[in-house]
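The chain contents come next:
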Amino acid sequence: DAGITQSPRYKITETGRQVTLMCHQTWSHSYMFWYRQDLGHGLRLIYYSAAADITDKGEVPDGYVVSRSKTENFPLTLESATRSQTSVYFCASSESGHRNQPQHFGDGTRLSIL
Amino acid sequence: DQQVKQNSPSLSVQEGRISILNCDYTNSMFDYFLWYKKYPAEGPTFLISISSIKDKNEDGRFTVFLNKSAKHLSLHIVPSQPGDSAVYFCAASAGTNAGKSTFGDGTTLTVKP
């Protein structure tokens, strides 16, 4: 089973450009999440979604936009990329919003903004 | 203010010995705790969890202990194996937070053969 996949795995872009990171899961999980991990730090939640067409802000949402028109897809867009958004981005999903449901992560997208 | 802290960035142990990874939290609303393991160039994977109504949970070589009064939990790996070398993240959730978890910065474990 494919599970959860992120694309691209690596991306280099310039400041001011728009860039979209893709996330696709095959489990039909209700919840999906976007995190960023900066060097030497843990995961910080950017946005999450409880179901199709339902999204909410996490800890660090500024500069990011998300959408969820289909249950299986949860793209993350940087509308005008800045160097401070250079990071590794992880998408995750969980079956329900219950706190005892572990999250399943993709392998990440390493984004560099020059 | 960081609500979940892993104060040891790294830990090195000999194969066969015990590894103890520590995690402290400040938010008394946290009532569920999870440990994730992460290899380089991969996403984190769930390892073990514990509810605040318990003080211990065991799964094979992995045991998590929770001390609510001290707001402290630890992950014990016995015996440690070279394949356990990875970054370990502690995460905490509160009942009101709709599945969102707050992560620590991680501890890099190196198990030497």
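Just above sits the structure.
Q: Could you give me a rundown of the packing of aromatic side chains, with the residues and numbers involved?
A: As enumerated under the stated definition, the model contains twelve aromatic pairs over all chains in all. Measuring from ring centre to ring centre gives 5.4 Å for Tyr 35 of chain A and Phe 103 of chain B, while their planes differ by 80°; the resulting arrangement is edge-to-face. With Tyr 35 of chain A in strand 4 (residues 31-37) and Phe 103 of chain B in strand 10 (residues 102-103), this pair bridges two chains. Residue Tyr 35 of chain A shares its accessibility class with Phe 103 of chain B, and that shared class is buried. A network of ring pairs unites the aromatic residues Tyr 31, Phe 33, Tyr 35, Tyr 48 and Phe 105 of chain A together with Tyr 36, Phe 46 and Phe 103 of chain B as a single cluster.

Q: Go over the interface of chain B and chain A, please, and point to the residues and values.
A: How large an interface is tends to be reported as the accessible area lost when its parts come together. The interface is formed by 21 residues belonging to chain B together with 22 residues belonging to chain A. Between chain B and chain A lies a buried interface of about 1700 Å² when both sides are counted; carbon and sulfur atoms form 58% of it. Run the count over chain B and chain A and you get zero salt bridges. Where chain B touches chain A, the interface holds four residue pairs in polar contact (both at pLDDT 80 or more). Elements represented by at least two residues in the side of chain B that touches chain A include exactly strand 4 (30-38) and strand 9 (86-94) of chain B. Of the residues forming the side of chain B that touches chain A, the biggest block, five residues, is contributed by strand 4 of chain B.

Q: Describe the nonpolar core, and please don't skip the residues or the numbers.
A: Grouped together as the largest cluster of nonpolar side chains are 24 residues, with contacts concentrated most on Phe 33, Trp 35, Leu 73, Leu 75 and Tyr 88 of chain B. Broken down by secondary-structure element, the contributors of at least two residues to this core are strand 3 (19-25), strand 4, strand 5 (45-51), strand 7 (62-67), strand 8 (72-77), strand 9 and strand 11 (107-112) of chain B. With five residues, the top contributor of residues to this core is strand 9 of chain B. Ranked by size, the runner-up nonpolar core spans 19 residues in total, among them Leu 21, Tyr 47, Val 60 and Val 66 of chain A.

Q: Go over the pairing of strand 3 of chain B, please, and point to the residues and values.
A: All names here are of chain B. Across the two faces of strand 3 the burial differs, with Ser 19, Leu 21, Cys 23 and Tyr 25 buried and Ile 20, Asn 22 and Asp 24 not buried at all. Of the strand pairs in this sheet, strand 1 (residues 4-5) and strand 3 are connected by two bridges, and their pairing is antiparallel. Bridge pairing links Lys 5 to Asp 24 in strand 3.

Q: Can you tell me about the side chain of Asp 31 of chain B, naming the residues and giving the values?
A: One can find Asp 31 of chain B in strand 4. The class of Asp 31 of chain B is buried, set by a relative accessible area of 16%. If near-sequence neighbours (up to four positions away) are discounted, Asp 31 of chain B is found in contact with Arg 99 of chain A together with Ser 51, Ser 52, Ser 93, Ala 94 and Gly 95 of chain B.

Here is what the cut-offs are and how they apply
Residues numbered from 1 in each chain as written. Chains lettered and ligands numbered in written order. Predicted model: local features only at pLDDT ≥ 70, side-chain atom pairs only at ≥ 80, totals over all residues. Heavy atoms only, no water. Phe/Tyr/Trp six-rings, centres within 6.5 Å; stacked < 30°, edge-to-face > 60°. Helix = DSSP H or I, 4+ residues; strand = E, 2+ residues; numbered from the N terminus. Buried < 20%, exposed > 50% of the residue type's maximum accessible area, 1.4 Å probe, protein only. Contact = heavy atoms within 4.5 Å. Buried area = accessible area lost by both parts, 1.4 Å probe. Salt bridge = Lys/Arg side-chain N within 4 Å of Asp/Glu carboxyl O. Polar contact = N/O pair within 3.5 Å; in protein donor to acceptor, adjacent residues only side chain to side chain. Core = buried A, V, L, I, M, F, W, Y, C linked by side-chain atoms within 4.5 Å. Pairing = 2+ DSSP bridges.

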